[in-house]
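Residue strings, one per chain:
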Amino acid sequence: MTRLALLGGQPLLTPAERPVWPHITEKDIEAVTALLRRGEISYNGSEGEVRALEDGYRQRLGVVHALAVNSGTSALHSAFFGLDLRPGDEVIAPAYTFLATAMPVFACNGVPVLADVDPDTGILDPDGLAAHLTPRTRAVVVTHLMGFPADMERITDFACEHGLAVVEDCSQAHGAACSGRPVGRHGDVAAFSLQAKKQVTAGEGGILVTDDRRIYERAVLLGHCLDRGEEDVTSEEYGGYGRTGFGLNYRIHPVGSALARGALSRLDTVLEGREKNCDRLGAPLRDIPGITPPVRQAHVDRVAHYVSYQPLYAAEELGGLPIDVFTAAARAEGVPLTRPTSPPLHREAAFRSASWHPGTYHPGDSTYRRYRGDEFPGVDAYLSRVLRLPVYSEERGDLMDAWAEGIRKVVDNAGELHDRYAAGALTVQDPARTAQH
Ligand SMILES: *Cc1c(COP(=O)(O)O)cnc(C)c1O
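Cut-offs applied
- Residues numbered from 1 in each chain as written.
- Predicted model: local features only at pLDDT ≥ 70, side-chain atom pairs only at ≥ 80, totals over all residues.
- Heavy atoms only, no water.
- UniProt positions renumbered as here; feature names shortened; annotations may be inferred.
- Helix = DSSP H or I, 4+ residues; strand = E, 2+ residues; numbered from the N terminus.
- Expected span 1.5 Å × (residues − 1).
- Buried < 20%, exposed > 50% of the residue type's maximum accessible area, 1.4 Å probe, protein only.
- Axes fitted to C-alpha atoms, helices over the stretch in contact; angles between N-to-C directions.
- Parallel < 35°, antiparallel > 145°, perpendicular 65-115°, else oblique.
- Left-handed = near helix turned anticlockwise from the far one by under 90°.
- Contact = heavy atoms within 4.5 Å.
- Nonpolar A, V, L, I, M, F, W, Y, C, P; charged D, E, K, R; others polar.
- Near = heavy atom within 4 Å.
- Polar contact = N/O pair within 3.5 Å; in protein donor to acceptor, adjacent residues only side chain to side chain.
- Areas by Shrake-Rupley, 256 points an atom, 1.4 Å probe, with all protein chains shown as cover.
- Pairing = 2+ DSSP bridges.
- 1 Å grid on protein atoms, 1.4 Å probe; cavity = no way out; pocket = protein on both sides within 12 Å on 5 of 7 lines; lining within 4 Å.
- Points joined across faces, edges and corners; volume = space filled by probe spheres on them.
- Domains from an automatic or database assignment.

Labelled according to an unreviewed UniProt entry, the chain appears under the name DegT/DnrJ/EryC1/StrS family aminotransferase, originating from Streptomyces coffeae. Under the UniProt heading Cofactor (unreviewed entry), the note attached to the chain is "pyridoxal 5'-phosphate". UniProt lists a comment for the chain under the heading Sequence similarities (unreviewed entry), and it reads "Belongs to the DegT/DnrJ/EryC1 family. L-glutamine:2-deoxy-scyllo-inosose/scyllo-inosose aminotransferase subfamily."

> Honestly, helix H2 (residues 48-61) in this entry has me stumped. Any pointers?
Three or four residues apart is the spacing at which side chains of an α-helix point the same way, because the helix has 3.6 residues per turn. Taking 1.5 Å of rise per residue, the 14 residues of H2 would be expected to cover 20 Å, and the 20 Å separating its terminal C-alpha atoms lies within 8% of that figure. Those residues of H2 not exposed but buried are Glu 49, Val 50, Leu 53, Glu 54, Gly 56, Tyr 57, Arg 58 and Leu 61. Note on H2: the residue one or two positions beyond its end, Gly 62, has a positive phi of about 65 degrees.

> How do you make sense of the packing of helix H1 (residues 26-38) against helix H8 (residues 254-265) when you look at a structure like this?
When two helices pack together, their arrangement is given by the angle between the helix axes and by the axis-to-axis distance. Remark: H1 packs on H8, axes separated minimally by 9 Å, with the N-to-C direction vectors making an angle of 155 degrees. Taken together, H1 and H8 sit at an angle that is classed as roughly antiparallel. When you trace H1 past H8, the crossing you get is right-handed. Mapping the contact onto sequence places Asp 28, Ala 31, Val 32, Leu 35 and Leu 36 in H1 and Pro 254, Val 255, Ala 258, Leu 259 and Gly 262 in H8. In the contact of H1 with H8, the residues fall into eight nonpolar, one polar and one charged.

> I tried to follow unusual backbone geometry on my own but got confused; where do I start?
A negative phi holds for most residues other than glycine; trans holds for most peptide bonds. Here Trp 21 and Pro 22 are connected by a cis peptide whose omega angle stands at 0 degrees. Looking at the secondary structure, you find Pro 22 in the segment before H1. Not every positive phi belongs to a glycine, and Asp 84 is a case in point at roughly 60 degrees. With respect to the helices and strands, the residue Asp 84 is situated in the loop between helix H3 (72-82) and strand E2 (90-94).

> Any chance you could explain the site of the ligand here in plain terms?
Around the ligand, a shell composed of 15 residues is seen, among which Gly 72, Thr 73, Asp 169, Ser 193 and Lys 198 lie nearest. Contact between the ligand and Lys 198: an oxygen atom at 2.7 Å from a side-chain N or O atom of the residue. Summarising the interface, the protein chains cover 92% of the accessible area of the ligand, which totals 380 Å² for the free molecule. Examining the composition of the shell around the ligand, we find that three residues originate from one element, H3, more than from any other.

> Looking at this model, I keep getting lost on the pairing of E2. Mind explaining?
The side chains of a regular strand alternate, first on one face of the sheet and then on the other. Of all five residues that make up E2, five are buried, and the element is covered over most of its length. The two faces of E2 match: Glu 90, Ile 92 and Pro 94 on one face and Val 91 and Ala 93 on the other face are all buried. Pairing between E2 and strand E3 (residues 111-115): five bridges, direction parallel. In the sheet register, Ile 92 faces E3, and the bridge partner there is Val 113.

> Help me out: how do you make sense of the sheet that holds strand E5 (residues 165-169) in this one?
Two strands in a sheet stick together by hydrogen bonds in their backbones, pointing the same way (parallel) or opposite ways (antiparallel). Taken in spatial order, the seven strands make up an open sheet running E1-E9-E8-E5-E4-E2-E3, and their pairing is mixed. Each having just a single partner strand, strand E1 (65-69) and E3 make up the two edges of the open sheet. Across the sheet, the mean angle from the axis of one strand to that of its neighbour is 20 degrees, orientation sign disregarded. Pairing of strand E4 (residues 137-143) with E5 involves five bridges; the strand directions are parallel. Residue pairing for E5: Thr 143 is matched across the bridge by Asp 169. The strands touched by helix H5 (residues 152-161) are E4 and E5; relative to E5, the strand with the most contacts, the crossing angle is about 150 degrees. Packing against the sheet, helix H6 (residues 213-223) makes contact with E1, strand E8 (189-193) and strand E9 (206-210), and its axis sits at approximately 20 degrees to E1.

> Explain empty space enclosed by the protein to me, please; I cannot follow it from the model alone.
Rolling a probe over the atoms, with the probe sized like a water molecule, indicates the empty space that remains. Taken as a whole and assessed by the stated rule, the structure comprises five cavities of 30 Å³ or more. Counted as a void, the largest cavity has a volume near 130 Å³. A class-by-class count of the residues in the lining of the largest cavity yields eight nonpolar, three polar and one charged. Taken domain by domain, the lining of the largest cavity gets at least three of its residues from each of domain 1 (5-22 + 267-340 + 386-422) and domain 2 (26-266). Around the second largest cavity, the lining residues are Tyr 57, Arg 60, Leu 61, Ala 173, His 174, Gly 175, Ala 176, Val 183, Phe 192, Val 200, Leu 264 and Leu 267.

In structure tokens form, the structure reads like this:
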């Protein structure tokens with residue numbers, strides 16, 4: 001057996017360059033240059049590149065309304081505002097997600113109520129939702145984490161039963177599908193981020209989609225005025241407010257829209273490339289003890305791989321070898337294996353501190369939940385096992401094979417590694433500090 005690099009042997013591979021992302025093509029550059037030459041750098045209405053991007057999403061998803069905005073966070077804020085939350089209304093949100101899934105609820109004077117996730121997928125657990133119901137519960141927001149769709153059938157059934165709205169945060173899942181429909185078509189309203197890391201990117205941007213006219217009009221009014229407000233907000237309830245809007249400017253930049261439109265036209269190619277690489281890596285991992293490919297549940301029709309491929313670690317299959325020793329040994333072999341770095345929401349100050357007053361609504365602090373940080377065993381079980389590897393969009397079959405070999409080498413030497421670690425002969429850095437996303 002060859003000696004592990006972490007124990008003084010030769011690394012199996014030289015580390016590969018990081019994936020190239022975003023993809024910006026000559027066609028994108030031409031489209032942007034054309035805008036600049038025409039001085040087309042702001043629109044008042046739904047027109048030009050913004051209109052084209054919105055049409056692209058409308059057609060792809062088969063949805064009635066699409067509203068491009070200047071970030072995914074703005075899209076989520078507009079979605080919650082669209083639901084007409086009243087001060088103190090509660091929105092159940094996953095405790096493990098990107099911040100923007102839940103934080104804009106505060107900006108609507110609402111209360112995000114965190115709920116546990118499935119220990120195998122990190123995705124909001126439908127079984128845990130009922131425990132969080134109160135007379136103030138108005139909605140559930142769900143994240144399709146890392147491009148893996150949540151169990152939307154069960155979540156929408158639960159919401160229906162209790163008269164709740166459903167918001168899908170599709171920011172990491174452009175192009176994913178489950179239960180026969182694309183993500184973004186299961187709830188009342190959905191938000192996609194178009195930030196630089198996402199599968200479709202404007203650099204900075206976001207898009208909201210809904211079939212619901214009232215949600216759409218409210219979303220338009222939150223972040224748009226003048227032409228867009230007047231053209232698109234025509235109902236009896238809101239028709240008079242289009243000119244002024246409701247106070248914010250969430251307009252997307254035409255340049256970002258042009259980039260996102262190009263990226264949307266390449267989405268399927270990107271997703272196919274990513275899936276090929278992930279499948280190529282996943283196949284050998286099935287036969288290697290201590291590590292399993294990400295769990296793909298029965299409702300999932302299509303995974304839209306995001307920046308990371310996330311297998312699960314099983315220390316018990318390797319004599320209890322600590323996960324940080326395992327990842328350090330893999331990195332020493334040239335395999336860029338890390339762990340997620342972001343803490344779950346319930347361990348952030350905004351959800352722990354008794355003195356923090358978000359938004360303008362101060363209900364004597366009694367309504368805002370304060371979390372201890374240990375109340376979600378599903379989050380902890382997931383984070384104690386989940387691993388990360390970068391995802392490439394272009395064909396990298398040989399690299400995927402090499403990574404599998406590097407991981408196999410660590411697993412084959414797990415006994416010696418564990419002995420050396422237990423004897424105090426190894427110091428392992430906290431890889432969470434070195435990982436980049
Ligand atoms: C990226 C992301 C967002 C929003 O991102 P912006 O940077 O505001 O565009 C929201 N939710 C999730 C899950 C994300 O990954």
